[in-house]
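One letter stands for each residue in the lines below.
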Amino acid sequence: MGKARSKLPPKVLAVSSGKGGVGKTNVVANLALALIRKGNRVLIFDADIGLNNIDILLGLTPRYHIGHLFNGEKTIEEILVDGPKGLKVLPASNGWQELTMLDNKKKMLLMEELDRLMGDYDYLIFDTAAGISSNVTYFCSAAHEILLVATPEPTSHTDVYALIKVLFQKHNQKQFKMIINSVKSEREALGIYRRLTDVVDRFLPHVSLDYLGYILYDENVTRSVRQQKPVVELYPHSQVSQCIHRLSEKIIETRNQIPEEGDRPFLWKNVFEVR
Ligand SMILES: Nc1ncnc2c1ncn2[C@@H]1O[C@H](COP(=O)(O)OP(=O)(O)OP(=O)(O)O)[C@@H](O)[C@H]1O
Ligand SMILES: [Mg+2]
């Protein structure tokens, strides 16, 4: 405890939600840039492999995507794209339907390649697809921390609960962190969080759902999406950017508080053994 480590092992975060369109990709892109601002090296993996998102949001035009790794045409280094401020991105394909359900061989190859890259980063963030498909549960289970995004819409609560349930019952995941997006106030976010924890406590008592923070609804987000630039870059002093910086601070704090789980090199291999 309290020991100073010159270099912490890389931390893998998955951002997921069950429901689509709740702000996952925006959270990933902006959180990544906020972490970079605080001196971290960050790699985003667009884990919505069949339908690219993150490169569009960042205004990038990648030449290759992860499909080229799977068909043997490119190495992972050749696929990596430079984003703003030193951010690195592994882009997904656009419409390669066969990648929407990765088979074990592809998962293994991907994890080996990511494992090899990881030494160069402090954070690897998975931007997952919506839903509860096997790709989604796979990437969530492969992360150290699962960050769940919900909004005030009731369907987002039922969908995030469905995701928690499947991750717990089928993949033995017990810990989740909530980000409540598109709210008018923190009070609203806390109300939503409380309602979710009530349901989780009642029906899934072994699951712990922590509150990571909230993001205000802000038209600047929509404007930034249209301009294909992250809101923390385009409107750095907006309230929504402050929310994202607070989230990144909490992520950094908890990283330092929680003792690293043994010297386990990485979770990938464990994920395969369990399945
Ligand atoms: N805090 C916010 N304030 C205002 N609008 C927002 C906010 N967060 C997200 N949005 C809007 O919601 C839209 C969807 O966001 P985003 O693409 O990040 O969602 P997603 O969960 O990644 O979607 P998908 O499930 O399709 O991958 C954005 O285009 C943006 O306009
Ligand atoms: Mg998305």
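The model shown is predicted, which means the values in this text are computed figures rather than measured ones.

Enquirer: Is there a simple way to think about unusual backbone geometry in this case?
Expert: A negative phi holds for most residues other than glycine; trans holds for most peptide bonds. Although it is not a glycine, N172 sits at a positive phi angle of roughly 60°. By the element assignment, N172 lies in the loop between helix 7 (154-171) and strand 7 (175-183). Unusually for a residue other than glycine, S182 sits at a positive phi of about 60°. Following the sequence through the fold, S182 ends up in strand 7.

Enquirer: For this particular structure, what's the right way to read helix 6 (residues 134-141)?
Expert: When you tally the buried positions in helix 6, you get six out of eight residues, the bulk of the element. Every buried residue of helix 6 is listed here: N135, V136, T137, Y138, F139 and C140. Its buried side turned inward, helix 6 meets strand 1 (11-16), strand 2 (42-47), helix 5 (104-118), strand 5 (123-128), strand 6 (145-150) and helix 7.

Enquirer: Even after reading the chapter, I still don't get the environment of P62, so can you show me in this structure?
Expert: Secondary-structure assignment places P62 in the loop between helix 2 (54-57) and helix 3 (66-70). On the basis of neighbour count, P62 is assigned to the buried category, with 21 C-beta atoms found within 10 Å. Spatially, the C-alpha atom of P62 lies 9.0 Å from that of L90, the residues being 28 residues apart in sequence. Beyond its immediate chain neighbours, meaning those up to four positions away, P62 contacts D55, V81 and P91.

What counts and what doesn't
- Residues numbered from 1 in each chain as written.
- Chains lettered and ligands numbered in written order.
- Predicted model: local features only at pLDDT ≥ 70, side-chain atom pairs only at ≥ 80, totals over all residues.
- Helix = DSSP H or I, 4+ residues; strand = E, 2+ residues; numbered from the N terminus.
- Buried ≥ 20, exposed ≤ 12 C-beta atoms within 10 Å, placed from the backbone.
- Contact = placed C-beta atoms within 7 Å.

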